[in-house]
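Residue-level structural notes
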Amino acid sequence: MIEVELKFAFTDEILQKLKDFGAVFENDFNFSDKYYDTTDFQLVLSDYWLRQRNESVELKCPPRESYSIADDFCGTVYREVHDVNLIGELLEKLFNGKTLTATFQSFFEIIDHYKLQVFAEIHTRRKSFRLKEFCIDLDYVGEECHVGEIETMVEDEAQVSEARQKNPKFCPKIRILHQDWCPW
């Protein structure tokens, strides 16, 4: 799957805005993310984000086609990979430029094989909503950091351009202004 996401800063007023526009509350939960990389940050410098969220693992990496932050999109486009062997294949190609022939039995085998280590651990409280085809997540990281996400998931890269156009057009409808958008 490919995630097309627009992030924005928010205050607690957003909860009422979402309710006013008919967003359906889905969940309120806490999670912890551990982000892994090499000692010289080869993954994040290549825009690869390998994390363990509670008990699940995920690699967020650029899709095959690159997308610029032009046309006022100001969001992110990532391929989300959960399969341990596919994560291993993608890392092998990134680190060594070749196709992996071995398979991995667990995420921790990948960590050991590439000598990865935790470089960040983040604890988050998330409130999730659904409005039409959009998933809206409100993340509270500590007392000061509030980052929202409007997310659209697509199955292939042919659908990315359309999704990139929908998210910014949707923002004003729930009164999220352009100046609140985050470039990351």
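The preceding data block contains the structure.
Here we summarise the structure given alongside this text.

Each value, and the rule that gives it
Residues numbered from 1 in each chain as written. Predicted model: local features only at pLDDT ≥ 70, side-chain atom pairs only at ≥ 80, totals over all residues. Heavy atoms only, no water. Salt bridge = Lys/Arg side-chain N within 4 Å of Asp/Glu carboxyl O. Helix = DSSP H or I, 4+ residues; strand = E, 2+ residues; numbered from the N terminus. Buried < 20%, exposed > 50% of the residue type's maximum accessible area, 1.4 Å probe, protein only. Contact = heavy atoms within 4.5 Å. Phe/Tyr/Trp six-rings, centres within 6.5 Å; stacked < 30°, edge-to-face > 60°. Lys NZ or Arg CZ within 6 Å of the ring centre and 35° of its normal. Polar contact = N/O pair within 3.5 Å; in protein donor to acceptor, adjacent residues only side chain to side chain.

This structure, assessed with the given rule, holds eleven salt bridges. Between E80 and K60 there is a salt bridge, with its nearest N and O atoms 3.8 Å apart. Separated by 20 residues along the polypeptide, E80 in strand β5 (residues 76-81) and K60 in strand β4 (residues 56-61) bring together distant segments of the chain. Residue E80 shares its accessibility class with K60, and that shared class is buried. A salt bridge links R126 to D137; the shortest N-O distance between them is 3.5 Å. Of this pair, R126 sits in strand β6 (residues 117-131) while D137 sits in strand β7 (residues 134-141), and the two are eleven residues apart along the sequence. Across the pair, D137 and R126 agree in class, each one buried. Residues joined in a network through salt bridges with shared partners are E5, K7, R126, D137, D139 and E149.

On the basis of relative accessible area, E80 is assigned to the buried category, the value being 15%. Apart from the residues within four sequence positions on either side, E80 is in contact with M1, E3, E58, L59, K60 and M153.

This part covers the packing of aromatic side chains. Scanning the entire structure with this criterion turns up eleven aromatic pairs. A centroid spacing of 6.3 Å and a plane angle of 50° characterise the contact between F104 and Y114, whose relative ring orientation is tilted. Of this pair, F104 sits in the loop between α3 (84-96) and α4 (107-113) while Y114 sits in the loop between α4 and β6, and the two are ten residues apart along the sequence. You'll find F104 and Y114 in the same group, each marked buried. One aromatic cluster is present, built from ring pairs that chain together Y35, F41, W49 and F119. Its end group placed over the ring of F31, R53 keeps NZ or CZ at 3.9 Å from the ring centre.

Here the focus is the environment of E5. By secondary structure assignment, the location of E5 is in strand β1 (residues 2-9). As for E5 and I150, which are separated by 145 residues in sequence, their C-alpha atoms are 5.6 Å apart. In this structure the side chain of E5 is engaged in a polar contact, spanning 2.9 Å, whose partner is the side chain of K7.

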